[in-house]
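These are the residues of each chain, in order.
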Amino acid sequence: MSTITVKAYGAESKTADLKEMNIERRAVTSKDVEIEILYCGVCHSDLHTARNDWGGSLYPAVPGHEIVGRITNVGSEVSKFKVGDLAAVGCMVDSCGHCDSCQHDLEQYCLNGFTGTYNGKDQHLGGHTFGGYSQKVVVDEHFVLSVPENLDLAAVAPLLCAGITTWSPLRHWNAGPGSKVAVVGLGGLGHMAIKLAKGLGAEVTLFSRTPGKTEDAKQLGADHVVISTDDSQMDAVKGKFDLIIDTVPYEHDITPYMQTLRLNGTIVLVGFVGEFENDAVSTRPMIFQRRSVAGSLIGGIAETQELLDFCGKHNIVSEIELIKMQDINHAYERMLKSDVKYRFVIDMKSL
């Protein structure tokens, strides 16, 4: 298969800073779309992959799965897009297409494993996939998304991960008018959960350990803020919420939050990936009020398009700080200190 060479930014090892390099993309095939990348969001997954925090990282690692750009070439059989269209790519670039999950627009749960936008098995060239810290990307049209023209393109980028990660459980558990939704944690995921839950018409509460985040949360759309370290405030909301979106990315005790769920309520974990090892889950509040603890992973392609269309209609985007590609290593260090409101986005013309 013929290829094209493009500039990218990536890491050669888990201890190396990201730097400029060249990578190979496949030339456009009949079902492919080629996208010139204009903006790429920066996700915590990018940092963890570059530094092999989760194990299994493949090098050179070129992160980036919050991609927004403009189409520069399409294959002969592409029917959904044309040259010049705005387009986006999220966390997936391939799946088997025929398992039960794929047939029901749940490619993120592909029973044969979806192909990640980076660090996945490249089904075309062999080797592994490279992400959006690059000039161009070539993707099967099924995994390409349309972007509403009215939105700030840079601020759209985090919708492709932070947005869909919170949108999917909000939709699955039917958040909307009349429902009471709480969000644990105000970061990249949490701020999108607040905006989207409010956009869907829910009454929204933020759980935070930091009183200083109250004003920010309300500006984002939260109706209430509960300080989770204040026992009296936690007691006041016992049995209140239909749904809790927990965005905290590290192990923590979820039992106090479970006590605030209504009968049949659900707390959905979207931030922490791993095992609870310190007796962090008690079955008592589940059994006695038929409450559930669940998890959710990004969203399917149809659901992600639904999110983008919804955001276009309601003018919802992420709160971002735009950076140059050359500043990515410093941005990673700031991310580790939670020093960003609320998502970095790379201006790819700097590459």
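About the cut-offs
- Residues numbered from 1 in each chain as written.
- Predicted model: local features only at pLDDT ≥ 70, side-chain atom pairs only at ≥ 80, totals over all residues.
- Heavy atoms only, no water.
- Phe/Tyr/Trp six-rings, centres within 6.5 Å; stacked < 30°, edge-to-face > 60°.
- Helix = DSSP H or I, 4+ residues; strand = E, 2+ residues; numbered from the N terminus.
- Buried < 20%, exposed > 50% of the residue type's maximum accessible area, 1.4 Å probe, protein only.
- Axes fitted to C-alpha atoms, helices over the stretch in contact; angles between N-to-C directions.
- Parallel < 35°, antiparallel > 145°, perpendicular 65-115°, else oblique.
- Left-handed = near helix turned anticlockwise from the far one by under 90°.
- Contact = heavy atoms within 4.5 Å.
- Nonpolar A, V, L, I, M, F, W, Y, C, P; charged D, E, K, R; others polar.
- Polar contact = N/O pair within 3.5 Å; in protein donor to acceptor, adjacent residues only side chain to side chain.
- Disulfide = S-S within 2.5 Å.
- Core = buried A, V, L, I, M, F, W, Y, C linked by side-chain atoms within 4.5 Å.

### Quick word on the packing of aromatic side chains
Here the distance between the centres and the angle between the planes together describe a pair of aromatic rings. Tallied over the entire structure, the rule returns three aromatic pairs. Aromatic pair W167 and F310: ring centres 4.7 Å apart, planes at 45°, arrangement tilted. One end of the pair, W167, is in helix α4 (residues 162-172); the other, F310, is in helix α10 (residues 301-314), and 143 residues separate them in sequence. Across this residue pair, the class does not change: W167 and F310 are buried. Put simply, the rings of F207, F241 and Y257 pair up and form one aromatic cluster.

### Considering the packing of α4 against helix α5 (residues 188-199)
In the contact formed by α4 and α5, the axes pass within 8 Å of each other and the chain directions differ by 50°. With respect to each other, α4 and α5 are oriented oblique. Note that α4 runs across α5; the crossing there is right-handed. Across the interface between the two elements, A162, G163, T165, T166, W167 and L170 of α4 pack against G188, L189, M192, A193, L196 and A197 of α5. Partitioned by chemical class, the residues of the contact of α4 with α5 number eight nonpolar, four polar and no charged.

### With respect to the environment of I267
Looking at the element boundaries, I267 is found in strand β14 (residues 261-269). Since its relative accessible area comes to 0%, I267 is described here as buried. Separated by 25 residues in the primary sequence, I267 and S292 have C-alpha atoms spaced 6.4 Å apart. Once you skip the residues sitting within four places of it in the chain, I267 turns out to touch I244, D246, I254, Y257, M258, L261, S292, V293 and A294.

### Considerations on the side chain of H128
Looking at the secondary structure, you find H128 in the loop between β7 (115-116) and β8 (136-140). Overall, the relative accessible area of 13% leaves H128 in the buried class. At 2.9 Å, the side chain of H128 forms a polar contact with the backbone oxygen of P60. What H128 contacts, discounting residues up to four positions off in sequence, is L58, Y59, P60, G120 and D122.

### Section: the state of the cysteines
One pass over the full model with this rule turns up zero disulfides. Counting only cysteine sulfurs, C43 is the nearest neighbor of C40, a cysteine outside any disulfide, at a range of 9.9 Å. On the basis of relative accessible area, C40 is assigned to the buried category, the value being 0%. Its sulfur unpaired, C43 is 3.9 Å from the next cysteine sulfur, which belongs to C161.

### Overview of the nonpolar core
Soluble, globular proteins show a tendency: their nonpolar side chains are buried together. Counting residues in each nonpolar core, the largest one holds 95 residues, and the members touching the most others are Y133, V156, L170, I194, L196, I328 and Y332. In contact with I328, other than residues within four places in its own chain, are Y9, L18, V42, Y133, I323 and I346. Listed in part, the 16 residues of the second largest apolar core include V184, V226, M234 and F241.

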